[in-house]
Amino acid sequence: MGKKLKVLYNKKTILKRVKDLAQQISKDYPSGELILVGVLKGGFIFLADLVRALIIPVHIDFVRLASYGASTHSSGKVKILKDLETSITGKDVIIVEDIIDTGLTLEFLKQELFKRRPRSLKICALLDKKSRRKVEIKVDYVGITMEKNYFVVGYGLDFSEQYRHLPEIFFLDP
Ligand code: IMP
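Quick caveat: nothing in here was measured; it's all calculated off a predicted structure. (Residues numbered from 1 in each chain as written. Predicted model: local features only at pLDDT ≥ 70, side-chain atom pairs only at ≥ 80, totals over all residues. Heavy atoms only, no water.)

> Just checking my understanding: could you explain the overall build of the chain for this structure?
A tally of helices and strands in the chain yields three helices and nine strands. Sequence-ordered secondary structure for the chain, helices as α and strands as β, is β-α-β-α-β-β-β-α-β-β-β-β. Across its three principal directions, the C-alpha atoms of the chain cover 50 × 35 × 25 Å. Intrachain contacts of the chain at a sequence separation of at least 6 include 68% that bridge at least 24 residues. (Helix = DSSP H or I, 4+ residues; strand = E, 2+ residues; numbered from the N terminus. Contact = heavy atoms within 4.5 Å.)

> Would you mind going over the pattern of salt bridges with me for this structure?
Applying the stated criterion to the full structure yields 14 salt bridges. Across the salt bridge formed by Asp-20 and Lys-16, the nearest N and O atoms sit 2.9 Å from each other. Highlighted residues: Asp-20 and Lys-16, both in helix 1 (residues 11–28), separated by four residues, approximately one helical turn. When its relative accessible area of 24% is taken as the criterion, Asp-20 is described as partly exposed. Across the salt bridge formed by Asp-158 and Arg-164, the nearest N and O atoms sit 3.5 Å from each other. Residue Arg-164 is classed as buried on the basis of its relative accessible area, which comes to 13%. One salt-bridge network, held together by shared partners, links Lys-41, Asp-158, Glu-161 and Arg-164. (Salt bridge = Lys/Arg side-chain N within 4 Å of Asp/Glu carboxyl O. Buried < 20%, exposed > 50% of the residue type's maximum accessible area, 1.4 Å probe, protein only.)

> Got a minute to help me understand the sheet that holds strand 8 (residues 152–153) in this structure?
What links the strands of a sheet is backbone hydrogen bonding, and the strands pair in either a parallel or an antiparallel sense. Taken together, the three strands give an open sheet; going across it, the order is 1-9-8, and neighbouring strands pair in antiparallel fashion. Looking at which strands have only one partner, the edges of the open sheet turn out to be strand 1 (4–9) and strand 8. Where strand 8 and strand 9 (residues 169–173) come together, two bridges link them in antiparallel fashion. Along strand 9, the bridge assignment pairs Val-152 with Phe-171. (Pairing = 2+ DSSP bridges.)

> Got a minute to help me understand the pairing of strand 3 (residues 58–66) in this structure?
In regular strands, side chains alternate between the two faces of the sheet. The pairing of strand 2 (residues 34–40) with strand 3 spans seven bridges and is classified as parallel. By the bridge assignment, Val-39 is partnered in strand 3 with Val-63. For the segment spanning strand 2, helix 2 (residues 44–53) and strand 3, crossover handedness is right-handed. (Right-handed = clockwise from strand over helix to strand, strands pointing away.)

> In this structure, what is going on with the side chain of Asp-92? I would like to understand it.
With respect to the element layout, Asp-92 can be found in strand 5 (residues 92–100). Separated by 2.8 Å, the side chains of Asp-92 and Arg-119 make a polar contact. Excluding residues that lie within four positions of it along the chain, Asp-92 makes contacts with Tyr-29, Glu-33, Leu-34, Ile-35, Arg-119 and Ser-120. (Polar contact = N/O pair within 3.5 Å; in protein donor to acceptor, adjacent residues only side chain to side chain.)

Structure representation (structure tokens):
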């Protein structure tokens, strides 16, 4: 049975926020030499738009983590399915994530990457469901803080692998 989709953030809103984030990041790392770590799969569209709005050169790598299965609830268990291909030791790194919910996924990834001794490690998330946090975690760059904890899809985000391709962000209306 198909669920009803309602637009929550349109293209214009998303791109404006992505541009603002890119501007801030470009300002914070004027010399570039930054590694952006995209979190697959959900973060791929956000990362693609973000890097094209930056005015500094960056390196890009990806990790893939096991997160939600076919349900809309976090299991709390995270593991690395695909690791980085580059060394981040001594480098400035920003993790680029689509959405932060309980924080468990990013808490895990941050700890994993810290073990590799980067020079700095920050987090950039397009969407933040702040009130759902189960662990305290600093999100250095936030695109949009969500007022309501809708389950959202589109712009890379999925529900059981559906809807990632949609250009806007929708919420699922059951
Ligand atoms: P957390 O570990 O609870 O912070 O969950 C983070 C991950 O859960 C994200 O990277 C997404 O893959 C997924 N997730 C959380 N909320 C949503 C949502 O509203 N739509 C789609 N995926 C979500």
